Amino acid sequence: EERKQQAEAERKRKEQEAEAESKGREKDIEEKLAEAQEKWAADDELRKELAEAMWQRQHEEIAAKFIEIEQRGTAWEEEMERKFTKQEEQKTSEAEAEGKKREEEITKKLVEAQEKWAAEEERRTQESKAEQRSREE
C-alpha cells in the first residue's frame, strides 16, 4: 500500500513537472510570438515611413524638374525626367519587396514556432497516455 502511495505521489509529481514545463514552453512561445509581432509592426511602420519619405522626395524632385523643363522646354530634359521617375518607382518597388520578404520570414518563423509547440504538446500527450496505460496494466 505504501509503495502504491509512493508511486502515485511520484506520478503526480511528474505530471506537475511536465505541466509546469509545458506552461513554461508555452509562455516562451507566446513571448517569442509577441516579440515577432512587435518587430513585424515596427517593420511595417518603417516601410510606411520609407514609402512616404520616398514619395515626398520624389514629389519635390519631380516638381523641381518640371519647373526646369518648363523653363528650358527641351525634349532631352523631359526624357531625363521620365528616367528619374522610373528609377524612383523601381526603388520604391524594391523597398516594398524587401518589406514583404521580411514579413514572410517573420511569418515563417512564427509558423515554425507554433508547429514545434504543437509537436511538443502532442509528444507530451502521447507520453501521458503511455504512462496511464502502463499504470492501468
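See the structure shown above.
The structure displayed is predicted, hence computed values, not measured ones. (Residues numbered from 1 in each chain as written. Predicted model: local features only at pLDDT ≥ 70, side-chain atom pairs only at ≥ 80, totals over all residues. Heavy atoms only, no water.)

What to know about the environment of Arg47
Logical step 1: Mapped onto the secondary structure, Arg47 falls in helix α1 (residues 2–72).
Logical step 2: Look at Arg47 and you get buried, because its relative accessible area is 16%.
Logical step 3: Between the alpha carbons of Arg47 and Thr92 there is a distance of 9.9 Å; along the sequence they are 45 residues apart.
Logical step 4: Every residue in contact with Arg47, bar those within four places of it in the chain, is listed here: Trp40, Ala95, Gly99, Lys100 and Glu103. (Helix = DSSP H or I, 4+ residues; strand = E, 2+ residues; numbered from the N terminus. Buried < 20%, exposed > 50% of the residue type's maximum accessible area, 1.4 Å probe, protein only. Contact = heavy atoms within 4.5 Å.)

A short note on the layout of surface pockets
Logical step 1: Here the largest pocket is characterised by a volume of approximately 400 Å³.
Logical step 2: Lining the largest pocket are 15 residues, with Lys32, Ala36, Lys109, Leu110 and Ala113 positioned closest to its centre.
Logical step 3: Elements with a minimum of two residues in the lining of the largest pocket: α1 and α2 (75–136).
Logical step 4: Broken down by element, the lining of the largest pocket gets its largest block of residues, eight residues, from α2.
Logical step 5: Residues belonging to the lining of the largest pocket are distributed by class as follows: six nonpolar, no polar and nine charged.
Logical step 6: Considered as a void within the structure, the second largest pocket measures approximately 320 Å³ in volume.
Logical step 7: What lines the second largest pocket is a set of 15 residues, among which Lys14, Glu15, Ala18, Glu19 and Arg124 lie closest to the centre.
Logical step 8: Counting only elements with at least two residues in the lining of the second largest pocket, the list comes to α1 and α2. (1 Å grid on protein atoms, 1.4 Å probe; cavity = no way out; pocket = protein on both sides within 12 Å on 5 of 7 lines; lining within 4 Å. Points joined across faces, edges and corners; volume = space filled by probe spheres on them. Nonpolar A, V, L, I, M, F, W, Y, C, P; charged D, E, K, R; others polar.)

Comments concerning α1
Logical step 1: Here α1 contains 71 residues, and its C-alpha end-to-end distance of 103 Å stays within 8% of the 105 Å for a straight helix at 1.5 Å per residue.
Logical step 2: Of all the positions in α1, only Arg11, Ser22, Ala36, Asp43, Arg47, Met54, Gln58, Ile62 and Ile69 are classed as buried. (Expected span 1.5 Å × (residues − 1).)

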